[in-house]
Amino acid sequence: MAGRPGYVTVPILSVLAAIGYVYYTTVFLAIPAWLGLSTAAGVANVVAFTALAAACVATYAAAVSRDPGRVPPAFVPDVEDSDSPIHEIKRKGGDLRYCQKCSHYKPPRAHHCRVCRRCVLRMDHHCIWINNCVGHENYKIFLVFVLYAVIASLYSMVLIIGGAVHSLPKNEQLGSDSSRTSIIICGVILCPLALALAILLGWHVYLIFHNKTTIEYHEGVRAMWLAEKAGNLYHHPYDLGVYENLISVLGPNVFCWLCPVSSNTGNGIRFRTSYDIPLSTPPI
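Residues numbered from 1 in each chain as written. Predicted model: local features only at pLDDT ≥ 70, side-chain atom pairs only at ≥ 80, totals over all residues. Heavy atoms only, no water.

Colleague: Would you take a moment to explain the packing of helix α1 (residues 10–34) against helix α3 (residues 139–166) for this structure?
Modeller: Helix packing for two helices is described by the angle between their axes and how far apart those axes are. Two elements in contact, α1 and α3, have axes whose closest approach is 8 Å; the angle formed by their N-to-C orientations is 45°. As the angle between them shows, α1 and α3 are arranged oblique. Judged by the twist between their axes, the crossing of α1 over α3 is left-handed. Touching Val22, Thr26, Ala30, Ile31, Ala33 and Trp34 of α1 are Ser156, Val158, Leu159, Ile160, Gly162, Gly163 and His166, all from α3. (Axes fitted to C-alpha atoms, helices over the stretch in contact; angles between N-to-C directions. Helix = DSSP H or I, 4+ residues; strand = E, 2+ residues; numbered from the N terminus. Parallel < 35°, antiparallel > 145°, perpendicular 65-115°, else oblique. Left-handed = near helix turned anticlockwise from the far one by under 90°. Contact = heavy atoms within 4.5 Å.)

As structure tokens, then:
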């Protein structure tokens, strides 16, 4: 059962236990069985995998503790603002979106989370594995964590396969058999885990390329169906092109894209759209 945001829950403890188990098996069983800890290759792999595991833990802790973005209490949409060509409205009635539970208007791309019991800026989804929403302020951190987790899982798989192959019984003592069993069990656990993380990473890379959230993707499917039914074409209004979409999520500095800090552009209240007039375009 998920707890209140900010609390340590069973899923969080499960993730930390999995990281610890994979790290112990890889560093203290697989690498010694394959390369040995007294060789340069063994030490180099221990250092590299330890750094990668530390990055996973650091980004995971940031994703758990970072607030995804709160709607300012005094926020009121300005329908006469010429810089805001789009105002999201309710499906029924056509009124500006207003959260009855939080008693305030919703900015574009914001949604109410039933678990967190508040509205979240640019909400993507609520993740039980971090006991937190993934939103405007921690989306990049969540993405970087998944990326590091995929790399660490694949790296560990290579080391575990090598350790399992080189630990085949060859006049070994009974104690070595238990180590090989632990290596094999860890490899069996890692296979579906790495596959699930890779699929999750691929899904969010797709969303970033189109500047969508998970919620907006599902809403867009319905909007596209309605548009085609009416003989119109649907275009996601926040899709600015691949490069601009990447900048809007990962930040303007390419060298900081993999850093576990939230350097996305904007304040989560207003977002650039494809209807914005470029600054280089002369006025008509």
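Text resumes after the structure shown.
Colleague: Honestly, the nonpolar core in this entry has me stumped. Any pointers?
Modeller: Across soluble globular proteins, you tend to see nonpolar side chains buried next to one another. Counting 26 residues, the largest nonpolar core has Tyr60 and Ile130 as the members making the most contacts within it. Of all the secondary-structure elements, those providing two or more residues to this core are α1, α2 (40–65), α3, α4 (174–209) and α6 (242–250). When residues of this core are assigned to their parent elements, the largest contribution, 8 residues, is made by α3. Leaving out residues up to four positions away in the same chain, Tyr60 has contacts with Pro11, Ile12, Val15, Leu16, Trp129, Ile130 and Phe145. Ile31, Met157, Ile160 and Ile183 belong to the second-largest nonpolar core, a separate cluster that totals 14 residues. (Core = buried A, V, L, I, M, F, W, Y, C linked by side-chain atoms within 4.5 Å. Buried < 20%, exposed > 50% of the residue type's maximum accessible area, 1.4 Å probe, protein only.)

Colleague: How should α1 be read in this particular structure?
Modeller: Every α-helix carries 3.6 residues per turn, so stepping three or four residues along brings you back to the same face. Spanning 25 residues, α1 covers 34 Å between terminal C-alpha atoms, matching the ideal 36 Å at 1.5 Å per step. The largest bend along α1 reaches roughly 35° and is located at Thr26. Burial in α1 covers these residues: Pro11, Ile12, Val15, Val22, Thr25, Thr26, Val27, Leu29, Ala30 and Ile31. (Expected span 1.5 Å × (residues − 1). Bend = angle between axes of the 7 residues up to and from the residue.)

Colleague: I keep staring at helix α5 (residues 214–229) and nothing clicks. Help me out?
Modeller: In a regular helix each residue adds 1.5 Å, so 16 residues correspond to 22 Å; α5 covers 23 Å between its end C-alpha atoms and thus fits that length. The first or second residue beyond α5 is Gly231, which carries a positive phi of 80°.

Colleague: I keep staring at unusual backbone geometry and nothing clicks. Help me out?
Modeller: Backbone geometry follows two general trends: most residues other than glycine have a negative phi, and most peptide bonds adopt the trans configuration. The backbone of Arg117 shows a phi angle near 60°, a positive value even though the residue is not glycine. Mapped onto the fold, Arg117 is located in the loop between β3 (111–113) and β4 (118–120).

Colleague: What exactly am I supposed to notice about the UniProt feature "transmembrane region" (unreviewed entry) in the protein chain here?
Modeller: Mapped onto this numbering, the UniProt entry gives "transmembrane region" (unreviewed entry) at residues 12–35, 41–63, 141–162 and 182–209. With 100% helix and 0% strand, the stretch residues 41–63 has end C-alpha atoms that lie 33 Å from each other. Span residues 182–209 is 100% helix and 0% strand, its end C-alpha atoms 40 Å apart. (UniProt positions renumbered as here; feature names shortened; annotations may be inferred.)

Colleague: Even after reading the chapter, I still don't get the pattern of salt bridges, so can you show me in this structure?
Modeller: Any two side chains of opposite charge can pair if their charged atoms end up close together. Under the defined criterion, the tally for this structure stands at 5 salt bridges. Note that Asp67 is salt-bridged to Arg70, the shortest N-O span being 3.0 Å. Here Asp67 falls in the partly exposed class, since its relative accessible area comes to 28%. Across the salt bridge formed by Arg118 and Asp67, the nearest N and O atoms sit 3.2 Å from each other. You can see Arg118 sitting in strand β4 and its partner Asp67 sitting in the loop between α2 and β1 (98–99), a full 51 residues away along the chain. A residue is classified by how much of its surface remains accessible, and Arg118, at 14% relative accessible area, is buried. Several salt bridges share partner residues, and in doing so they unite Asp67, Arg70 and Arg118 into one network. (Salt bridge = Lys/Arg side-chain N within 4 Å of Asp/Glu carboxyl O.)

Colleague: Could you clarify how one ought to interpret the packing of aromatic side chains in this entry?
Modeller: The geometry of two aromatic rings is summed up by the distance between their centres and the angle between their planes. Scanning all chains against the criterion turns up 10 aromatic pairs. Ring centres 5.1 Å apart and planes at 45° place the aromatic pair Tyr60 and Phe145 in the tilted group. Residue Tyr60 is found in helix α2, and its partner Phe145 is found in helix α3; the two are separated by 85 residues along the sequence. Tyr60 gets classed as buried once you look at its relative accessible area, which sits at 3%. For Phe145, a relative accessible area of 10% puts it in the buried group. Summarising the aromatic geometry, the rings of Trp203 and Tyr206 are spaced 5.9 Å apart at their centres and angled 25° between planes, so their arrangement reads as stacked. Here Tyr206 and Trp203 lie together in helix α4, a separation of 3 residues that amounts to about one turn. An aromatic cluster of three or more residues is present, and its members are Tyr23, Tyr24, Phe28, Phe49 and Tyr155. (Phe/Tyr/Trp six-rings, centres within 6.5 Å; stacked < 30°, edge-to-face > 60°.)

Colleague: Just checking my understanding: could you explain a nonpolar patch on the surface for this structure?
Modeller: Among the surface-exposed residues, Val8, Leu13 and Leu16 lie close enough to one another that they form a single nonpolar patch of about 280 Å² accessible area. By secondary structure assignment, the location of Val8 is in the segment before α1. (Patch = residues over 30% accessible without salt bridge, like charges linked within 9 Å, V, L, I, M, F, W, Y side chains within 5 Å. Areas by Shrake-Rupley, 256 points an atom, 1.4 Å probe, with all protein chains shown as cover.)

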